[in-house]
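# Examining the three-dimensional arrangement
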Amino acid sequence: MIKHIVLFKLKDPACAEKTREMLLSMKGVVQQIREIEVGIDYAHTERSFDIALSVIVDDETALRGYAEHPYHIDPVTKYVRSVSEKSVIVDYRI
């Protein structure tokens with residue numbers, strides 16, 4: 001299994017809830033997703049990112065399928081990129 005984590009720094013933190021909803025909308029649509037969790041930062045320190053996305057998929061093939069899924073690309077990635085100023089990612093085996 002692979003855990004895929006992405007942290008997003010938003011241009012405007014006021015859109016955090018809409019961004020969270022957009023990311024969660026992949027559940028049940030993007031078949032490769034086994035588990036999904038999206039959290040909104042509450043600490044708001046200078047080191048904080050605004051949104052954390054955690055997705056679990058079966059393997060590298062599933063991770064690639066998730067990344068290439070049409071719904072993941074548009075509307076989800078298209079929207080998130082439009083409201084984000086920065087993101088970082090880590091993928092690791094669990």
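These remarks concern the structure in this document. On a predicted model such as this, the values are computed, not experimentally measured, just so you know.

### Notes on the packing of aromatic side chains
On inspection of all chains with the given rule, the structure shows zero aromatic pairs. The ring of Phe-49 has Lys-9 lying over it, and the distance from NZ or CZ to the ring centre is 6.0 Å.

### A short note on the environment of Thr-77
Examined against the element boundaries, Thr-77 turns out to sit in helix 3 (residues 70-83). For Thr-77, a relative accessible area of 16% translates into the label buried. In this structure the C-alpha to C-alpha distance between Thr-77 and Met-22, which are 55 residues apart in sequence, comes to 9.2 Å.

### Section: the pattern of salt bridges
For the structure shown, the criterion picks out three salt bridges. Measuring nitrogen to oxygen at the nearest pair gives 2.3 Å for the salt bridge that ties Arg-93 to Glu-60. One end of the pair, Arg-93, is in strand 4 (residues 84-93); the other, Glu-60, is in helix 2 (residues 60-68), and 33 residues separate them in sequence. By relative accessible area, Glu-60 is classed as partly exposed at 36%.

### Focus on the sheet that holds strand 1 (residues 2-10)
Within the open sheet, the four strands sit side by side as 2-3-1-4. Their pairing is antiparallel. Since the sheet does not close on itself, it has two edges, and those belong to strand 2 (35-40) and strand 4, each with one partner. Recorded for the sheet is a direction-independent mean angle of 15° between the axes of neighbouring strands. Taken together, the seven bridges between strand 1 and strand 3 (residues 51-57) define a ladder with antiparallel strand orientation. Opposite Ile-5, over in strand 3, you have Ser-54 as the bridge partner. The sheet contacts of helix 3 involve strand 1 and strand 4, and relative to strand 4 the element is tilted by about 130°.

### Quick notes on the packing of helix 2 against helix 3
The N-to-C vectors of helix 2 and helix 3 enclose an angle of 45°; their axes lie 4 Å apart at closest approach. Classed by the angle they form, the pair helix 2 and helix 3 counts as oblique. Counted together, Tyr-66, Ala-67 and Glu-68 of helix 2 and Pro-70, His-72 and Ile-73 of helix 3 form the full contact between these two elements. Residue classes in the contact of helix 2 with helix 3 are distributed as four nonpolar, one polar and one charged.

### Description of the packing of helix 1 (residues 16-24) against helix 3
The contact between helix 1 and helix 3 brings their axes to 9 Å, and the two run at 160°. With respect to helix 3, the element helix 1 is oriented roughly antiparallel. Considering the relative orientation of helix 1 and helix 3, their crossing is left-handed. Two secondary-structure elements touch here, helix 1 through Lys-18, Thr-19, Met-22 and Leu-23 and helix 3 through Pro-75, Val-76, Tyr-79, Val-80 and Val-83. Taken together, the residues of the contact of helix 1 with helix 3 sort by class into seven nonpolar, one polar and one charged.

Definitions and cut-offs
Per-chain numbering applies: the sequence of each chain, read as written, is numbered from 1 onward. Residues qualify for local features only when their pLDDT is at least 70, as the model is predicted, and side-chain atom pairs are given and counted only at 80 or more; totals for whole chains, interfaces and linings, by contrast, use all residues. Think of the side-chain values as coming from all heavy atoms in the structure, minus any hydrogens and water. A pair of Phe, Tyr and Trp rings is counted when the ring centres sit within 6.5 Å of each other, with Trp represented by its six-membered ring. The angle between the planes then sorts it: under 30 degrees is stacked, over 60 is edge-to-face, the rest tilted. Any Lys NZ or Arg CZ found within 6 Å of a ring centre and within 35 degrees of that ring's normal is scored as a charge over the ring. Runs of E in the DSSP output that reach at least two residues are strands. Runs of H or I that reach at least four are helices, and both are numbered from the N terminus. Relative accessibility under 20% of the residue-type maximum defines a buried residue, over 50% an exposed one, and the middle range a partly exposed one, all with a 1.4 Å probe and only protein chains included. In the sections that follow, a salt bridge refers to a side-chain nitrogen of Lys or Arg positioned within 4 Å of a carboxyl oxygen of Asp or Glu. By the convention used here, strands pair only if DSSP detects at least 2 bridges between them. Only the stretch in contact is used when fitting a helix axis, every axis being a line fitted to C-alpha atoms; angles between N-to-C directions are given from 0 to 180 degrees. Should any heavy atoms of two residues lie within 4.5 Å, those residues are counted as being in contact. Note on angle classes: values under 35 degrees are labelled roughly parallel, values over 145 roughly antiparallel, values of 65 to 115 roughly perpendicular, and the remainder oblique. Three categories are distinguished: nonpolar for Ala, Val, Leu, Ile, Met, Phe, Trp, Tyr, Cys and Pro, charged for Asp, Glu, Lys and Arg, and polar for the others, with Gly belonging to the last. Less than a right angle of anticlockwise turn of the near helix away from the far helix marks a crossing as left-handed, whereas a clockwise turn marks it as right-handed.

Honestly, it's all geometry; don't read function into it.
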